[in-house]
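Topology and contacts: notes
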Amino acid sequence: MTPREISFVSGDAACSAWHFAAGVMPERPVVVMAHGFGGTKDSGLEPFAQRFVAAGVDVLAFDYRGFGASEGTPRQSLSVRRQIDDYHAAVGAARQLDGVDPNRIALWGASFSGGHVLRAAAERADISAVIALTPLSSGAAV
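These remarks concern the structure in this document. (Residues numbered from 1 in each chain as written. Predicted model: local features only at pLDDT ≥ 70, side-chain atom pairs only at ≥ 80, totals over all residues. Heavy atoms only, no water.)

Section: the overall build of the protein chain
For the record, the criterion: Helical segments are the DSSP runs of H or I of at least four residues, strand segments are the runs of E of at least two, and each set is numbered from the N terminus. Relative accessibility decides the category of a residue: with a 1.4 Å probe and only protein chains considered, values under 20% of the type maximum give buried, values over 50% give exposed, and everything between is partly exposed. Surface accessibility follows the Shrake-Rupley procedure with a 1.4 Å probe radius. Residue values consider only the protein chains on display as shielding. Counted charges follow a simple rule, with Lys and Arg positive, Asp and Glu negative, and His plus the chain ends left uncounted. Charged side chains are reduced to one point each, which is NZ for Lys, CZ for Arg, CG for Asp and CD for Glu.
Each helix and strand counted, the protein chain has three helices and six strands in total. Helices and strands appear in the protein chain in the N-to-C order β-β-β-α-β-α-β-α-β. When the backbone C-alpha atoms are referred to their principal axes, the protein chain occupies close to 40 × 25 × 25 Å. Within the protein chain, the proportion of its 142 residues that are buried is 45%. Working note: accessible area of the protein chain is about 6,700 Å², and carbon and sulfur atoms make up 56% of it. Taking the 12 positively charged and 14 negatively charged side chains of the protein chain as two groups, their mean positions are separated by 3 Å.

Some thoughts on the environment of glutamate 46
We count it as follows: By definition in these notes, contact holds between two residues if any of their heavy atoms fall within 4.5 Å.
Along the chain, glutamate 46 falls in helix H1 (residues 46-54). You can call glutamate 46 partly exposed: its relative accessible area is 32%. As for glutamate 46 and alanine 61, which are separated by 15 residues in sequence, their C-alpha atoms are 8.2 Å apart. Dropping the residues within four chain positions of it, glutamate 46 is found in contact with Met1, Pro3, Trp18, Phe20 and Lys41.

Side note on helix H2 (residues 80-95)
To keep things clear, this is the line we draw: Helix span, as expected, comes to 1.5 Å for every residue beyond the first.
With 16 residues, H2 should reach 22 Å at 1.5 Å per residue; the first-to-last C-alpha distance of 23 Å fits that figure. Structurally, H2 contributes buried residues whose contacts are with strand S1 (4-10), strand S2 (13-20), strand S3 (28-34), strand S4 (58-62), strand S5 (100-110) and helix H3 (112-122).

Structural notes on the pattern of salt bridges
Filter applied, for reference: For salt bridges, the criterion is a side-chain nitrogen of Lys or Arg within 4 Å of an Asp or Glu carboxyl oxygen.
Counted by the stated rule, this structure contains nine salt bridges. Linking aspartate 85 and arginine 81 is a salt bridge whose minimum nitrogen-to-oxygen distance equals 3.0 Å. You can see aspartate 85 and its partner arginine 81 sitting in helix H2, four residues apart, about one turn around the helix. Residue aspartate 85 is classed as partly exposed on the basis of its relative accessible area, which comes to 30%. One salt bridge in this structure joins aspartate 126 and arginine 124, with 2.7 Å as the shortest N-O distance. Residue classification places aspartate 126 among the partly exposed residues on the basis of a relative accessible area of 22%. Because the salt bridges share partners, they merge into one network encompassing Arg81, Asp85, Arg119 and Glu123.

Observations concerning the pairing of S5
Basically, it comes down to this: Strands qualify as paired when DSSP identifies two bridges or more between them.
Across five bridges, S3 lies against S5 in parallel orientation. Paired with valine 30 across the strands is isoleucine 105, a residue of S5. Of the strand pairs in this sheet, S5 and strand S6 (residues 129-133) are connected by five bridges, and their pairing is parallel. Its bridge partner being in S6, tryptophan 108 is matched across the sheet by isoleucine 131.

The quantities given are spatial measurements derived from coordinates; they are silent on function.
Structural data, given as structure tokens:
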């Protein structure tokens, strides 16, 4: 399945995203995912997304501001707070996808983004699940 290119605004820039649609049935859950430390959506997220789609779950995979196909400067500059804010903006975009149930949103992250999804979910009341693979969960305060 080929994802559809979309974008959403986070802060002062447009974030590039792929929407993997699981089918035509309405009210599908959706997983919002981004890469870990300095990665981009085209560096390994698609196989994970395809597995979710096979299980009937949509996926919104995105690049953080300043990374990959997303706009924003500075380029390739890590900011925990900005990247968590990008997750929040991505959740807003996922809620608007055709066929998605806005009450069944999960966050997925690995390594650096594994820590992001824990924090982003803790800051919201509307996240149904979190998948954090080997999360970076300690370090400097944000």
